[in-house]
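Listed below are the residues making up each chain.
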Amino acid sequence: MILEVDGLNKSFGDKAVLKDVSFQLKAREILAIIGPSGAGKTTILRCINALEKSDSGTIKIDGAYLCKDHNNRTIYASNEEMKFIRKRIGLVFQNYNLFPHMSVMENIVEAPINVIGISKEEAEHRALELLNSMGLSDKRDSYPFELSGGQQQRVAIARACALNPKIMCLDEPTSALDPELREGIASIIEDLAGDDMGVLIITHDMAFAERVADRIIFMEEGRIIKEGSNDEFFGNLRDSRIKRFIS
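Residues numbered from 1 in each chain as written. Predicted model: local features only at pLDDT ≥ 70, side-chain atom pairs only at ≥ 80, totals over all residues. Heavy atoms only, no water.

Visitor: Just to check I follow, could you spell out the nonpolar core for this structure?
Guide: Nonpolar side chains tend toward joint burial in soluble globular proteins. Core analysis: the biggest nonpolar cluster contains 45 residues, and Ile157, Met168, Ile189, Val199 and Ile201 have the highest contact counts within it. Those residues in contact with isoleucine 189 that sit more than four places away from it in its chain are Ile30, Leu170, Val199, Ile201, Phe208 and Val212. (Core = buried A, V, L, I, M, F, W, Y, C linked by side-chain atoms within 4.5 Å. Buried < 20%, exposed > 50% of the residue type's maximum accessible area, 1.4 Å probe, protein only. Contact = heavy atoms within 4.5 Å.)

Visitor: It is not clear to me how the packing of helix 3 (residues 104-116) against helix 4 (residues 120-133) should be interpreted in this structure. Could you clarify?
Guide: In a packed pair of helices, the relevant descriptors are the angle between the two axes and the axis-to-axis distance. The contact between helix 3 and helix 4 brings their axes to 9 Å, and the two run at 125 degrees. When the axis of helix 3 is compared with that of helix 4, the two are oblique. With respect to the hand of their crossing, helix 3 and helix 4 are arranged in right-handed fashion. Two secondary-structure elements touch here, helix 3 through Val104, Met105, Ile108, Val109, Pro112 and Ile113 and helix 4 through Lys120, Ala123, Glu124, Ala127, Leu128 and Leu131. Split by residue class, the contact of helix 3 with helix 4 holds 10 nonpolar, no polar and 2 charged. (Axes fitted to C-alpha atoms, helices over the stretch in contact; angles between N-to-C directions. Helix = DSSP H or I, 4+ residues; strand = E, 2+ residues; numbered from the N terminus. Parallel < 35°, antiparallel > 145°, perpendicular 65-115°, else oblique. Left-handed = near helix turned anticlockwise from the far one by under 90°. Nonpolar A, V, L, I, M, F, W, Y, C, P; charged D, E, K, R; others polar.)

Visitor: In this structure, what is going on with unusual backbone geometry? I would like to understand it.
Guide: Excluding glycine, a negative phi dihedral is what most residues carry, and trans is how most peptide bonds are arranged. Residues other than glycine seldom take positive phi values, yet aspartate 20 does so here, at roughly 55 degrees. Relative to the assigned elements, aspartate 20 resides in strand 2 (residues 15-25). The backbone of tyrosine 96 shows a phi angle near 75 degrees, a positive value even though the residue is not glycine. Structurally, the position occupied by tyrosine 96 is in the loop between strand 7 (89-92) and helix 3.

What follows is the structure, given as structure tokens:
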């Protein structure tokens, strides 16, 4: 398993947003976490990427502990261990978060040069390969404001791929895309999983989850309500809470 989450709990003030959440992700697997707003989906993503600290529970990434419980308190990885872990996770935000003052090429090579320490030439070579695979080789010198939403999405994915992560996390990847562009993103996600990544998708888009995911987790009010393979999940929807969300 490249991602193991066990007994994860998180509160903001007196509001519990994650309640004993546990799941796993393996290489070449696409896992979609779905559910209504406020279910805790994005908080899971933020905890996995160390943008939020959990109250308790264990997160293990590619064999390394991001956090674990010890003597009734949560112990986080050291700064050195955190560097190792961060290189193994790619994150694409819902709003893409591209640097507006940087070109497409500069956005992609920034982290490989400054985080991994590879040469500018090597970083640009990898960036060109990624842009070509995303159908954006002619956009290397463009700036984010010159790109469509779908193009910005693909640049954000290319930027996340530039560090060769083991896990790719995508937050609402289809929220601003039309159906044709959604299909393009679905194909890209399938290609990522084919390259031995594990892909974790947070989405409200049930049709997209059914189209692309191997496995589905449905959450409500901070808890996992149902989990199963794509066929198991969509082939036998008896839970009234899930039916209500779909309808």
